[in-house]
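Structural description and commentary
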Amino acid sequence: NMLYNILPMNLNTFNFDEIFPDDQACLDFLTEQRWQDGACCVYCGSMSLYAIKKRNIYECKDCHKQFSAKTGTPFERSRIPLKKWFSNLCYFNCF
């Protein structure tokens, strides 16, 4: 149920591709929703991070672990592209 709640309220099957044109747009949205006040380490809670932009991940300066916005979510180890996940969530949320 939490997954349905992350999608924008104005999202529907007609404007989905406009709001989420690709996987990067989905990841950017997930990042914004997860860390509205700025990213923090999912392992130790530190806000001292390096952004590794080419890989869309962060590395904690304190515990040195790497993570992304998908870490600890059902998307984490999925081989299904985020856009496909979001599209299906939209479909079930819109009907």
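Scope of this entry: the structure provided in the associated data block. (Residues numbered from 1 in each chain as written. Predicted model: local features only at pLDDT ≥ 70, side-chain atom pairs only at ≥ 80, totals over all residues. Heavy atoms only, no water.)

The next subject is a negative patch on the surface. Taken together, the side chains of Asp22, Asp23, Asp28 and Glu32 define an acidic patch exposed on the protein surface. Within the fold, Asp28 resides in helix α3 (residues 23-34). (Patch = residues over 30% accessible without salt bridge, like charges linked within 9 Å, V, L, I, M, F, W, Y side chains within 5 Å. Areas by Shrake-Rupley, 256 points an atom, 1.4 Å probe, with all protein chains shown as cover. Salt bridge = Lys/Arg side-chain N within 4 Å of Asp/Glu carboxyl O. Lys, Arg positive; Asp, Glu negative; His and termini not counted. Charge placed at Lys NZ, Arg CZ, Asp CG, Glu CD. Helix = DSSP H or I, 4+ residues; strand = E, 2+ residues; numbered from the N terminus.)

Turning our attention to the nonpolar core. With 19 residues, the main nonpolar core has Phe16, Phe20, Leu49, Phe67, Phe75, Leu82 and Phe86 as its most contacted residues. The set of elements that each furnish at least two residues to this core consists of α3 and α4 (82-94). Not counting chain neighbours up to four residues away, the residues in contact with Phe16 comprise Leu11, Lys83, Phe86, Ser87 and Cys90. (Core = buried A, V, L, I, M, F, W, Y, C linked by side-chain atoms within 4.5 Å. Buried < 20%, exposed > 50% of the residue type's maximum accessible area, 1.4 Å probe, protein only. Contact = heavy atoms within 4.5 Å.)

Turning next to unusual backbone geometry. For Asn56, which is not glycine, the phi torsion reads 55 degrees and is therefore positive. Mapping Asn56 onto the fold places it in the loop between β1 (49-52) and β2 (57-60).

Relative to β2, β1 runs antiparallel, the two sharing four bridges. Residue Leu49 lies in a different strand from β2, and its bridge partner there is Cys60. From the end of β1 to the start of β2, which pair antiparallel, there are four residues, and Asn56 there has a positive phi angle of about 55 degrees. (Pairing = 2+ DSSP bridges.)

Strand pairing in a sheet relies on backbone hydrogen bonds, with the paired strands running either antiparallel or parallel. Across the sheet, three strands lie side by side as β1-β2-β3; this open sheet has antiparallel pairing. Across the chains shown, the open sheet's two edge strands, defined by having one partner strand only, are β1 and β3 (66-67). Relative to β3, β2 runs antiparallel, the two sharing two bridges. Bridging from a neighbouring strand, Glu59 pairs with Gln66 of β3.

Scanning all chains against the criterion turns up 10 aromatic pairs. Note on Phe20 and Phe29: the rings are 5.3 Å apart at their centroids and 75 degrees apart in plane angle, and the pair reads as edge-to-face. Considered together, Phe20 and Phe29 belong to a single accessibility category, that of buried residues. A centroid spacing of 6.4 Å and a plane angle of 75 degrees characterise the contact between Tyr43 and Phe67, whose relative ring orientation is edge-to-face. Here Phe67 lies in strand β3 and Tyr43 lies in the loop between α3 and β1, a separation of 24 residues in the sequence. For Phe67, a relative accessible area of 2% puts it in the buried group. In this structure, Lys61 is placed above the aromatic ring of Tyr50, and the distance from its NZ or CZ to the ring centre is 4.9 Å. Taking the ring centre of Tyr43 as reference, the NZ or CZ of Lys65 above it sits at 4.9 Å. (Phe/Tyr/Trp six-rings, centres within 6.5 Å; stacked < 30°, edge-to-face > 60°. Lys NZ or Arg CZ within 6 Å of the ring centre and 35° of its normal.)

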